[in-house]
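# Examining the three-dimensional arrangement
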Amino acid sequence: MEKAPLRISPEDALDAQIGYNLRRASALALNDFAVEMTDAVLRPVTYAMLALIDEKPGIRAAELCRLLGMKSANMAPLLAELEERGLVERDDHAEDGRVQMLALTQAAREAMPGWRQQVRRHEDRFLRRLTKKERAMLLRLLRLIWTDED
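Throughout what follows, the structure given in this document is the object of discussion. On a predicted model such as this, the values are computed, not experimentally measured, just so you know. (Residues numbered from 1 in each chain as written. Predicted model: local features only at pLDDT ≥ 70, side-chain atom pairs only at ≥ 80, totals over all residues. Heavy atoms only, no water.)

Glancing now at the overall build of the protein. Counting its regular elements, the protein contains six helices and three strands. Helices and strands appear in the protein in the N-to-C order α-α-β-α-α-β-β-α-α. Radius of gyration (C-alpha) of the protein: 20 Å, far over the 15 Å computed for a compact globule of 150 residues. Principal axes of the C-alpha set define a box for the protein whose edges measure 75 × 35 × 30 Å. Here the contacts in the protein between residues at least 6 apart in sequence split such that 49% fall between residues at least 24 apart. Working note: accessible area of the protein is about 11,200 Å², and carbon and sulfur atoms make up 55% of it. (Helix = DSSP H or I, 4+ residues; strand = E, 2+ residues; numbered from the N terminus. Rg over C-alpha atoms; globule rule 2.2 N^0.38 Å. Contact = heavy atoms within 4.5 Å. Areas by Shrake-Rupley, 256 points an atom, 1.4 Å probe, with all protein chains shown as cover.)

With that out of the way, let us pick up helix H3 (residues 61-68). Looking only at H3, the buried set comprises Ala61, Leu64 and Cys65. Looking straight down H3, one finds its buried side chains confined to an arc of 100 degrees; they lie on one side. Exposed residues on H3 whose side chains face more than 90 degrees from its buried face are Ala62 and Arg66. Tucked into the core, H3 has its buried residues touching helix H2 (44-55), strand S1 (59-60), helix H4 (72-84) and strand S3 (100-104). (Buried < 20%, exposed > 50% of the residue type's maximum accessible area, 1.4 Å probe, protein only. Arc of directions from axis to C-beta.)

Let's shift gears to the environment of Glu63. You can see Glu63 is positioned in helix H3. Given a relative accessible area of 29%, Glu63 falls into the partly exposed group.

For the rest of this paragraph, the subject is the nonpolar core. If you look at soluble globular proteins, the nonpolar side chains tend to sit buried side by side. One finds Tyr47, Leu50, Leu64 and Trp115 to be the most contacted residues of the largest nonpolar core, which totals 27 residues. At the level of secondary structure, the elements contributing two or more residues to this core comprise H2, H3, H4, S3 and helix H5 (106-126). When residues of this core are assigned to their parent elements, the largest contribution, six residues, is made by H2. Setting aside chain neighbours within four positions, we find Leu50 in contact with Leu42, Leu82, Leu87, Val88, Leu104, Met112 and Trp115. (Core = buried A, V, L, I, M, F, W, Y, C linked by side-chain atoms within 4.5 Å.)

Interaxial distance between H3 and H4 falls to 10 Å at its minimum, and their mutual angle equals 115 degrees. With respect to their mutual orientation, H3 and H4 come out roughly perpendicular. By crossing handedness, the relation of H3 to H4 is classed as right-handed. Of the residues in H4, those touching H3 at Ala61, Leu64, Cys65 and Leu68 are Ser72, Met75 and Leu79. A class-by-class count of the residues in the contact of H3 with H4 yields six nonpolar, one polar and no charged. (Axes fitted to C-alpha atoms, helices over the stretch in contact; angles between N-to-C directions. Parallel < 35°, antiparallel > 145°, perpendicular 65-115°, else oblique. Left-handed = near helix turned anticlockwise from the far one by under 90°. Nonpolar A, V, L, I, M, F, W, Y, C, P; charged D, E, K, R; others polar.)

Our next topic: unusual backbone geometry. With a phi angle near 55 degrees, Val41 is a residue other than glycine that sits in the positive phi range. Classification of Val41 as exposed rests on a relative accessible area of 51%.

Here Met49 shows up in helix H2. On a C-alpha basis, the gap between Met49 and Cys65 in space is 8.9 Å, while along the polypeptide they are 16 residues apart. Apart from residues no more than four positions distant in its own chain, Met49 is found in contact with Leu64, Leu68, Met75, Leu78, Leu79 and Leu82.

Counting through the fold element by element, Glu36 comes out in helix H1 (residues 18-36). Of note is the side chain of Glu36, whose polar atom sits 2.9 Å from the side chain of Arg121. (Polar contact = N/O pair within 3.5 Å; in protein donor to acceptor, adjacent residues only side chain to side chain.)

Before going further, it helps to spend a moment on a nonpolar patch on the surface. On the surface, Ile18, Leu22, Leu138, Leu142, Ile145 and Trp146 cluster together to form a nonpolar patch covering roughly 620 Å² of accessible area. Mapped onto the nonpolar patch, the elements with two or more residues apiece are H1 and helix H6 (132-146). If one sorts the elements of the nonpolar patch by residue count, H6 sits on top with four residues. Checked against the element boundaries, Trp146 lands in helix H6. (Patch = residues over 30% accessible without salt bridge, like charges linked within 9 Å, V, L, I, M, F, W, Y side chains within 5 Å. Salt bridge = Lys/Arg side-chain N within 4 Å of Asp/Glu carboxyl O.)

Structure representation (structure tokens):
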């Protein structure tokens, strides 16, 4: 005896679920980012690290972890990779040798404007169906989801 198919309400359908749509949008964004940044060999996380270090030269590694929502155990190999590639320099803090201050190398500082332009190109392509106002609203709504500010 065959069971009758379950009736699913429209709001319970997979394509009506926010998490599903976020994951699909994220997959599309990650794939397009990878294509755009192939020559730079940067992933979203390594680009984010470099962009924040560029914005805050001398930032402490612990602060970088906090701002990116990462654990230091996950960031350590990424910092080592960026240092090995000649993109990041680590200096010990003058007063506390346990603290590492981060800065971009000269090569990374020179490359950063081009990388930022590539990321803008990627976002323009990825968000091409949205108006400027819709993009601003999407950014505001996404920040409301992940920030702790009330």
